[in-house]
Amino acid sequence: MNHNYQKDISGCGLTGLISKKKNRLSGSHIVKSLCLMNDRGNGLGAGYAAYGIYPEFKDFYAFHIMYDEPSVRWTVEEYLKSNYHLEKIEEIPTFPVKAISISPLLVRYFMKPLKDKLVGDIQEADFVVNTVMKVNSEIEGAYIFSSGKNMGAFKGVGNPCDIAEFFRIEDYEGYIWTAHTRFPTNTPGWWGGAHPFTLLDWSIVHNGEISSYGINKRYLEMYGYKLTLLTDTEVAAYLLDLLIRRHGLDIPTACLALAAPFWKNIDNKDEDEREALTALRQAYGSALLNGPFSILFGHSKGLVGINDRIKLRPLVAAIKDDITYMASEESAIRAICPTPEKVWAPRAGEAVIVNLED
Amino acid sequence: MFKSLAPPEYLATIDREKCIRCKRCIQNCGWGVYSWGGDKILINTSKCVKCLRCYHYCPEEAIEIKDNPTKFKNNAYWSFHHIRNIKRQAETGGIPLTGMGSDQNYPILFDNLMIDACQVTNPSIDPLREPMELRTYLGKKPSSVKIEKGKDGKLKLQTKMPPQIKLDLPIIFSPMSFGSISLNAQKVLAMAAKECGTVMNTGEGGLHEDLFPYKSNIMVQVASGRFGVNPDYLNAGVAVEIKIGQGAKPGIGGHLPGEKIPLEVAKTRMIPVGTDAISPAPQHDIYSIEDLRQLIYAIKEATNYKPVSVKIAAVHNVAAIASGIVRAGADIVYLDGFRGGTGAAPSIIRDHLGIPIEHAIAAVDDRLRQEGIRNEASIVAAGGIRSSADAAKAIALGADACAIATSALITMGCTTCGKCYTGNCSWGITTQRPELTARLDPEVYAERLINLLHAWTHELKEILGALGINSIDSLRGNRERLRGIGLDTQTLDILGVKPAGR
Ligand code: SF4
Ligand code: SF4
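Conventions we followed
- Residues numbered from 1 in each chain as written.
- Chains lettered and ligands numbered in written order.
- Predicted model: local features only at pLDDT ≥ 70, side-chain atom pairs only at ≥ 80, totals over all residues.
- Heavy atoms only, no water.
- Helix = DSSP H or I, 4+ residues; strand = E, 2+ residues; numbered from the N terminus.
- Contact = heavy atoms within 4.5 Å.
- Areas by Shrake-Rupley, 256 points an atom, 1.4 Å probe, with all protein chains shown as cover.
- Lys, Arg positive; Asp, Glu negative; His and termini not counted.
- Charge placed at Lys NZ, Arg CZ, Asp CG, Glu CD.
- Buried area = accessible area lost by both parts, 1.4 Å probe.
- Salt bridge = Lys/Arg side-chain N within 4 Å of Asp/Glu carboxyl O.
- Polar contact = N/O pair within 3.5 Å; in protein donor to acceptor, adjacent residues only side chain to side chain.
- Nonpolar A, V, L, I, M, F, W, Y, C, P; charged D, E, K, R; others polar.
- Pairing = 2+ DSSP bridges.
- pLDDT = per-residue confidence, 0-100.
- Near = heavy atom within 4 Å.
- Disulfide = S-S within 2.5 Å.
- Buried < 20%, exposed > 50% of the residue type's maximum accessible area, 1.4 Å probe, protein only.
- Phe/Tyr/Trp six-rings, centres within 6.5 Å; stacked < 30°, edge-to-face > 60°.
- Lys NZ or Arg CZ within 6 Å of the ring centre and 35° of its normal.
- Core = buried A, V, L, I, M, F, W, Y, C linked by side-chain atoms within 4.5 Å.
- Domains from an automatic or database assignment.
- 1 Å grid on protein atoms, 1.4 Å probe; cavity = no way out; pocket = protein on both sides within 12 Å on 5 of 7 lines; lining within 4 Å.
- Points joined across faces, edges and corners; volume = space filled by probe spheres on them.
- Axes fitted to C-alpha atoms, helices over the stretch in contact; angles between N-to-C directions.
- Parallel < 35°, antiparallel > 145°, perpendicular 65-115°, else oblique.

**A look at the overall build of chain B**
1) Next: Counting its secondary structure elements, chain B contains 15 helices and 23 strands.
2) Next: By its C-alpha atoms, chain B is 90 × 55 × 45 Å across when sized along the principal axes.
3) Next: In chain B, of all internal contacts separated by at least 6 residues, the share reaching a separation of at least 24 is 69%.
4) Next: With the model as given, the accessible surface of chain B reaches about 21,300 Å², and the carbon-plus-sulfur share is 53%.
5) Next: Separation between the mean location of the 59 positive side-chain charges and that of the 51 negative ones in chain B comes to 1 Å.

See below:
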């Protein structure tokens, strides 16, 4: 177990939106919203995640991989080819931006695990997770930063507008968008360190610091997750994967484990609920996310916003028509939705859960 | 009579000007240091153990207990302690006994670990304004739970939870038997446990009927002597502990001399009055891990599946042993470091066997995680927890809760003089002499112990607040919030802690 990592401490701004009716919206909205919060970042990292952007490849895992060193590309591709059917390989389209002078090589792959590799009772998703863990922890200079279906993350070192321009975010159309700008106080200046963090369909943007990181990390390691990044946001992504995908909790229940209600509130519930919540806290004490945070997490079926148990970081939500907005600041919402029907500040620890309509 | 060549450790002195000859010192000293000489107090200083009872009860502050300035010639290798022990052994041919935990100068890792605090990037939390949770549940946890939403939208638990011991703070009392300590001392522990929402442990001495009202705050112990064990006893408390070993005397049994076995102790232990109570070194039905498993399950069957704790001394292979214990079905692994206290142990054993609790917690927590079974049992750490900071560090290293004994006895007057094995404790703690035990008024001293637990509760909350977390769950095993100072690379690696500055 590696305890010798250096934690990346950062402040930030985040924003996200979801069209319940699955209307695909151009990336220009989210870019506008994020760029309004430019001063919440310091130009050292920004990123976007979008769902519904690859309809023509929706049955394939879309891997976005960054290579610090172009030569490792062949090592990774050899490995992928021996385990996956690769439907399409292409460099992620980028646009030269003055402020971004250097960038890693960025390649995306649409692929499916080879049938004969899924031996025994290994689930397809576990197989993909293992690939991500293996490449990210064992192949130096290569980093898979997106691995879900019909979704993708785009991120790098730069301010929100430059990163958007660089990745041509406006050219994508998605029904869920999240975005993030950073204010790292110690910067490794590594593209992989920007948000969103993703694993399979989970994508996370996070504002804050997870003070329980040390135990969250060790807890996840017990379940085979390899925490390779220099940031604490990674634990949130993996905890969701563990609780929801592997342990089968539904999203609201998983949120109750991660930002658990206080004992004094649990004790006041009627017997059944008290029993359920007590057991949840007993079993998932090490998964409790503690410290100041607001998090947006996107997944294939919806978007969730959640605050820490005492709301030490801002989060505002708003609704207009079939679209729900969530952001660090109300102004970031009003920049793209000047007249929302409803605006509210979700209470500490109370998740805002929005699901796509079928 | 041949005068001992082992010089006295302390010099008890009385300022004759100040002394008003009230004779309270004679009355208070359990060791018979003082006697009445007709016109003044006589002092037999070779009997003095520096428990300071006389000092506290002298109305005139006339008494001073000094360390004997007359020492053997300074020698960095042959210490006073070595030479004195040899002289004592030459006189008696016996094994010098001692009480309390080791007082030798081994490194103390707790004192080389510093706790983190928040500044700017993450806010600290004010425990006076925000909730701070110390609640801890000891017992096996399922790795996941199944919860369904009923028709009414309410959550309903589908998983059967193993039994848990609920604690309002992550501190329990270590086992101390009636026999090794007085019934009054046990009452103090029981009353404080009840008031503070934690548990005391009977130790291997059975359960006296006076403690029946405190059953929901008592863990009963089964050790190699099986004293006082019957089905009612096993079912009396909230959990049962199997004692394999003790940090102060790993691999060694216990011996409560007949003099410490008056009627009440005998009744509770279910043995004849005045007989020596011998606890063999091993449990004679546990010669292997399979045997332990059988005993664990026999107890579970007998108690309708109460949690079972297994207490072991922290020894070199503690990680592998603990893993075996968890796999054998224990709900709690109780680790006792070599600094842990004792009522009586050979000093050669106490001072040279075992390992510190800090290493043991780290090694066991790591091993259970590597094997994916950390949730299968709680870890209780004991053996020299001196303050809430020690407890916080032990928990950050990976313990679920800490157990304290010496700290609790200190609230009752104990000064850690280390002479508990004599049965003469002047504070009425480790004695059965009625005139001494009568001094320990349970009501009065329970109040002091409750105060201590309240103080530690406040301190732990302050520590959590400074760390920017509001639940003890987020400190447990969170070694990232500890830093080592002056520790070598390998020790840091074992503890899983970075050096300060990194
Ligand atoms: S208790 Fe103090 S004052 Fe009283 S007899 Fe002893 S030394 Fe003198
Ligand atoms: S309990 Fe009594 S005899 Fe034992 S160390 Fe404390 S004061 Fe001394």
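**Here's the deal with the interface of chain B and chain A**
1) Next: Across the boundary between the two partners, chain B contributes 52 residues, which contact 49 residues of chain A.
2) Next: For the pair chain B and chain A, the summed buried surface comes to about 4,200 Å²; carbon and sulfur atoms form 55% of the total.
3) Next: Scanning the region where chain B abuts chain A turns up 8 salt bridges.
4) Next: Linking Arg218 of chain A and Asp365 of chain B is a salt bridge whose minimum nitrogen-to-oxygen distance equals 2.7 Å.
5) Next: The interface formed by chain B and chain A holds 18 residue pairs in polar contact (both at pLDDT 80 or more) in total.
6) Next: In terms of residue count, helix α10 (residues 357-370) of chain B provides more of the side of chain B that touches chain A than any other element does, 5 residues in total.
7) Next: For the side of chain B that touches chain A, the residue count by class is 17 nonpolar, 16 polar and 19 charged.

**What to know about the sheet that holds strand β17 (residues 308-313) of chain B**
Sheet strands pair via backbone hydrogen bonds, and the direction of the pair is either parallel or antiparallel.
Residues and elements named next belong to chain B.
1) Next: Ordered by their spatial adjacency, 8 strands build an open sheet running β11-β21-β20-β18-β17-β14-β13-β12, and the pairing between neighbours is parallel. Taken across any chain shown, the strands that pair with only one partner, and hence form the sheet edges, are β11 (171-173) and β12 (200-201).
2) Next: Where β11 lies against strand β21 (residues 401-404), 3 bridges are found, and the strand directions are parallel. Looking across to β21, one finds that Ile172 is bridged to Ala403.

**Remarks on the confidence of the model for chain A**
1) Next: Mean pLDDT over chain A works out to 90, with 95% of the residues at or above the 70 mark.
2) Next: No element of chain A has a lower mean pLDDT than strand β1 (residues 10-19) of chain A, at 86, and none a higher one than strand β4 (residues 61-67) of chain A, at 97.

**Quick word on the site of ligand 2**
1) Next: Near ligand 2, the surroundings consist of Trp31, Met100, Cys414, Thr415, Thr416, Cys417, Gly418, Lys419, Cys420, Cys425, Trp427 and Thr430 of chain B.
2) Next: Across the shell around ligand 2, the residue classes tally to 7 nonpolar, 4 polar and 1 charged.

**Some remarks on the state of the cysteines**
Residues and elements named next belong to chain A.
1) Next: Enumeration over the complete set of coordinates arrives at 1 disulfide over all chains.
2) Next: With its sulfur 2.5 Å from that of its partner, Cys35 forms a disulfide with Cys161. One end of the pair, Cys35, is in helix α1 (residues 28-36); the other, Cys161, is in helix α4 (residues 160-167), and 126 residues separate them in sequence.
3) Next: Under the relative-accessibility criterion, Cys161 is labelled partly exposed at 31%.

**A look at the packing of aromatic side chains**
1) Next: Applying the stated criterion across every chain yields a total of 19 aromatic pairs over all chains.
2) Next: Counting every residue linked through ring pairs, the aromatic cluster contains Phe154, Phe166, Phe167, Tyr172 and Trp191 of chain A.
3) Next: Over the face of the ring belonging to Phe197 of chain A we find Lys155 of chain A, whose NZ or CZ atom lies 4.1 Å from the ring centre.
4) Next: Taking the ring centre of Trp36 of chain B as reference, the NZ or CZ of Lys23 of chain B above it sits at 4.5 Å.

**A word on the nonpolar core**
1) Next: Residues Tyr34, Phe173, Leu189, Ile242, Met412, Ile429 and Leu475 of chain B are the most contacted members of the largest nonpolar core, which totals 120 residues.
2) Next: With 11 residues, helix α14 (residues 442-467) of chain B is the largest single contributor of residues to this core.
3) Next: When residues of this core are assigned to domains, at least three map to each of domain 1 (10-94) and domain 2 (137-499) of chain B.
4) Next: Ignoring anything within four residues of it in the chain, the contact list for Ile242 of chain B reads Val222, Gln283, Ile286, Leu292, Leu295, Ile296, Ile299, Val308, Ser309, Val310 and Lys311 of chain B.
5) Next: Of all hydrophobic cores here, the second largest spans 72 residues; its members include Leu80, Val107, Met133 and Leu289 of chain A.

**Notes on the layout of surface pockets**
Residue and element names in this part refer to chain A.
1) Next: The space that makes up the second largest pocket amounts to roughly 520 Å³.
2) Next: For the lining of the second largest pocket, the secondary-structure elements that each account for two or more residues are α7 (251-258) and α9 (271-284).
3) Next: Taken together, the residues that form the lining of the second largest pocket break down as 13 nonpolar, 4 polar and 6 charged.

**Some details on the pattern of salt bridges**
Residues and elements named next belong to chain B.
1) Next: In total, this model carries 48 salt bridges over all chains according to the counting rule given.
2) Next: Asp116 is the partner of Arg481 in a salt bridge, and the nearest nitrogen-oxygen pair spans 2.9 Å. Of the two residues, Arg481 is situated in the loop between α14 and β22 (482-484) and Asp116 in the loop between β6 (113-115) and β7 (136-138); the sequence distance between them amounts to 365 residues.
3) Next: Looking at Asp116, the relative accessible area reads 33%, which means it is partly exposed.
4) Next: With a closest N to O distance of 2.6 Å, Asp400 and Arg374 form a salt bridge. Taken together, the residues Asp400 in the loop between α11 (388-397) and β21 and Arg374 in the loop between α10 and β20 (378-382) connect sequence positions 26 residues apart. By the burial criterion, Asp400 is buried, and Arg374 matches it.

**A closer look at the pairing of strand β16 (residues 323-327) of chain A**
Residues and elements named next belong to chain A.
1) Next: Counting buried positions over the 5 residues of β16 gives 5, a clear majority of the element.
2) Next: Neither face of β16 is open: one carries Ile323, Tyr325 and Ala327, the other Thr324 and Met326, and all of them are buried.
3) Next: As defined by bridge partners, strand β15 (residues 316-320) adjoins β16 across 5 bridges and the pair is classed as antiparallel. Among the inter-strand pairings, Lys320 is bridged to a residue of β16, identified as Ile323.
4) Next: Hairpin remark: β15 followed by β16, antiparallel, with 2 residues in the connecting loop; positive phi at Asp321, about 50°.

**Some details on the confidence of the model for chain B**
1) Next: In the predicted model, chain B carries a mean pLDDT of 94, and the fraction of residues at 70 or more is 100%.
2) Next: Two summary scores accompany this predicted model of the complex, namely pTM at 0.93 and ipTM at 0.92.

**Some points on the environment of Phe110 of chain A**
All names here are of chain A.
1) Next: Inspection of the secondary structure puts Phe110 in strand β6 (residues 105-113).
2) Next: A relative accessible area of 1% means that Phe110 is categorised as buried.
3) Next: Along the sequence, Phe110 and Ile144 sit 34 residues apart, while their C-alpha atoms lie 13 Å from each other.
4) Next: Phe110 has contacts with Tyr54, Phe57, Phe60, Tyr61, Ala62, His85, Leu86, Glu87, Lys88 and Glu90, leaving out every residue within four places of it along the chain.

**Re empty space enclosed by the protein**
Summary: where empty space remains is shown by rolling a probe the size of a single water molecule over the atoms.
1) Next: Going through the model one piece at a time under the given rule, you end up with 7 cavities of 30 Å³ or more.
2) Next: In this structure, the largest cavity spans a volume of roughly 330 Å³.
3) Next: Lining the largest cavity are 25 residues, and of these Gln282 and Ser286 of chain A together with Lys141, Asp400 and Arg476 of chain B lie nearest its centre.
4) Next: Elements with a contribution of two residues or more to the lining of the largest cavity: α5 (213-222) and α9 of chain A together with β7 of chain B.
5) Next: If one sorts the elements of the lining of the largest cavity by residue count, α9 of chain A sits on top with 4 residues.
6) Next: Along the lines of polarity and charge, the residues of the lining of the largest cavity split into 9 nonpolar, 8 polar and 8 charged.

**Comments concerning the packing of α5 of chain A against α10 of chain B**
Two quantities define a packed helix pair, namely the angle between the axes and the distance from one axis to the other.
1) Next: Contact geometry of α5 of chain A with α10 of chain B gives a least axis separation of 8 Å together with a crossing angle of 45°. Between α5 of chain A and α10 of chain B, the angle falls in the class oblique. Between α5 of chain A and α10 of chain B, the residues in contact are Ile215, Arg218, Tyr219 and Met222 of chain A and Asp365, Asp366, Leu368 and Arg369 of chain B, respectively.
2) Next: A per-class count over the contact of α5 of chain A with α10 of chain B returns 4 nonpolar, no polar and 4 charged.

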